[in-house]
Amino acid sequence: MKDQVMIVTGAAMGLGLAAAKVLAQRGAAVALVDYNADALKTAQAEIAADCPQAKMITVTADVSDEAAVKRYVDATVQAFGCIDGLYNNAGIEGRQAPMTEYDLGVFRKVLDINVMGVYYGLRHVIPVMQKQGYGRIVNAASVGGIRGVLNQTAYVASKHAVAGMSKNAALEYGKDGILTNAIAPGAILTPMVAEAFKQVNPTDPKAAEAQYASHNPTRRLGDPADVGHLVAFLLSRENGYVSGQVIAIDGGESNMYGNA
């Protein structure tokens, strides 16, 4: 991926950081975007230690703010001259609660970040890619974007929306050389997922983690690097014809729902 330019949102930790590491290792220049400036600096240092030749910029931005999204797009073009790929990864889970008891303020925040944040990224990156006649986009959906998840109405609604936007972007901009896909990770052991297990079992989250993993065909949770390698392929020139797909990366577990 030498000389290619990638944007990764939510790059300070979890699946964003994992993908940014893989992209840098493969030679891409990477714009790291996150709302947490301190965590972003730590992530940049971690990538630089692993990949000293990596070309990077960091942009502190709240993806639910359209002006901030435009700023990270403009900063990337100014620094590197183009945008070959966007990993629209930033997102939050929200809270776990029954549908009729869900906090409306939290619901709106989940939609603002998970849906509008992805949309703003598409809205401002796609015109850059159209001018180039080339682009690759990966949006972070979830297995919660292809099925229901108990007590996570806002998250599930947001991730279904991401899956739908990805399909529409593929239909509308494939003619411009832009391929768009969504990934649907299952339980990948990121800080966000670890926090979810704390909500499930506050006294023993590791027990909740082990219980969940026991139902997976692989008998383990996913590693962030598993997702990073998939994202890197979909953003690379090696991907010449995969578009409009929602690709589950969950150890095969989504094939079991309703049967276990």
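Within each chain, residue numbers correspond to sequence positions counted from 1 in written order. Whole-chain, interface and lining totals are the exception, using all residues; otherwise, since this is a predicted model, local features are given only for residues with pLDDT of at least 70 and side-chain atom pairs are given and counted only at 80 or more. With hydrogens and water set aside, each side-chain value is computed from the structure's full complement of heavy atoms.

Undergrad: Can you help me understand the overall build of the protein chain in this one?
TA: Numbering of helices and strands runs from the N terminus, with a helix taken as a DSSP run of H or I at least four residues long and a strand as a DSSP run of E at least two residues long. Along the backbone of the protein chain there are eight helices and seven strands. Here the radius of gyration uses the C-alpha set of atoms, whereas the globule reference equals 2.2 Å times the residue count to the power 0.38. Against the globule reference of 18 Å for 260 residues, the protein chain gives a C-alpha radius of gyration of 18 Å, in line with a compact fold. Taken along the three principal axes of its C-alpha coordinates, the protein chain extends 50 × 40 × 35 Å. The contact rule is simple, with two residues in contact once any of their heavy atoms fall within 4.5 Å. Once local pairs closer than 6 in sequence are excluded, the contacts in the protein chain between residues at least 24 apart make up 73%.

Undergrad: Got a minute to help me understand helix α5 (residues 153-173) in this structure?
TA: An α-helical turn contains 3.6 residues, so a residue and the one three or four places further along point in the same direction. Working rule for helices: expected span equals 1.5 Å times residues minus one. The terminal C-alpha atoms of α5 lie 30 Å apart, and with 21 residues this matches the ideal 30 Å at 1.5 Å per residue to within 8%. Only protein chains enter the area calculation, which uses a 1.4 Å probe; residues under 20% of their type maximum are buried, those over 50% are exposed, and those in between are partly exposed. Among all positions of α5, only Ala 154, Tyr 155, Val 156, Ser 158, Lys 159, Val 162, Ala 163, Met 165, Ser 166, Ala 169 and Ala 170 are buried.

Undergrad: What is the right way to look at the side chain of Asn 239 in this model?
TA: Its location among the elements puts Asn 239 in the loop between α8 (224-235) and β7 (246-249). The exposure class assigned to Asn 239 is buried, which follows from its relative accessible area of 0%. At 3.1 Å, the side chain of Asn 239 and the backbone oxygen of Leu 234 are in polar contact. The contacts of Asn 239, once residues within four sequence positions are left out, are Arg 136, Leu 179, Asn 181, Phe 233 and Leu 234. Each polar contact in these results corresponds to two N or O atoms within 3.5 Å; when the atoms are within protein, one needs to be able to donate a hydrogen and the other to accept it, and residues that are neighboring in sequence are counted only if both atoms are side-chain atoms.

Undergrad: I tried to follow the side chain of Asn 88 on my own but got confused; where do I start?
TA: In this fold, Asn 88 is placed in strand β4 (residues 85-88). A polar side-chain atom of Asn 88 sits 3.0 Å from the main-chain carbonyl oxygen of Val 118. What Asn 88 contacts, discounting residues up to four positions off in sequence, is Thr 9, Tyr 72, Gly 117, Val 118, Gly 121, Leu 122, Val 138, Asn 139 and Ala 140.

Undergrad: So what exactly am I meant to see when it comes to the sheet that holds β4 here?
TA: To summarise the sheet geometry, strands pair through backbone hydrogen bonds and adopt either a parallel or an antiparallel arrangement. Between any two strands, at least two bridges found by DSSP are needed for them to pair. One open sheet accounts for seven strands, arranged β3-β2-β1-β4-β5-β6-β7; its pairing is parallel. Each end of this open sheet is capped by a strand with a single partner; those strands are β3 (56-60) and β7. Sheet twist, expressed as the average angle between the axes of neighbouring strands with direction ignored, equals 20 degrees. Across four bridges, β4 lies against strand β5 (residues 135-140) in parallel orientation. In the sheet register, Asn 88 faces β5, and the bridge partner there is Asn 139. Structural elements are reduced to axes, namely lines fitted to C-alpha atoms, with helices fitted over the stretch in contact, and the angle between N-to-C directions of any two is expressed from 0 to 180 degrees. Strands β1 (5-9), β4, β5 and β6 (178-185) of the sheet are contacted by helix α4 (residues 104-132), whose axis makes an angle of about 175 degrees with β4.

Undergrad: What is the right way to look at the pattern of salt bridges in this model?
TA: Pairing between side chains becomes possible if they bear opposite charge and their charged atoms approach one another. Put simply, a salt bridge is a Lys or Arg side-chain nitrogen that is within 4 Å of an Asp or Glu carboxyl oxygen. Counting across every chain of the model gives eight salt bridges. For the salt bridge of Arg 220 with Asp 226, the shortest nitrogen-to-oxygen distance reads 3.3 Å. Residue class for Arg 220 comes out partly exposed when judged on its relative accessible area of 43%. Its relative accessible area of 31% is what places Asp 226 among the partly exposed residues.

Undergrad: Would you mind showing me how to read the nonpolar core here?
TA: Soluble globular proteins: nonpolar side chains tend toward being buried together. Leu 23 and Tyr 87 are the most contacted members of the largest nonpolar core, which totals 34 residues. The element best represented in this core is helix α1 (residues 14-25), accounting for seven residues. Those residues in contact with Leu 23 that sit more than four places away from it in its chain are Met 1, Met 6, Val 8, Ala 28, Val 30, Ala 232 and Leu 235. Here, nonpolar core means buried Ala, Val, Leu, Ile, Met, Phe, Trp, Tyr and Cys residues that are tied together by side-chain atoms lying within 4.5 Å of each other. Grouped together as the second largest cluster of nonpolar side chains are 29 residues, Ile 7, Ala 61, Ile 113 and Ala 182 included.

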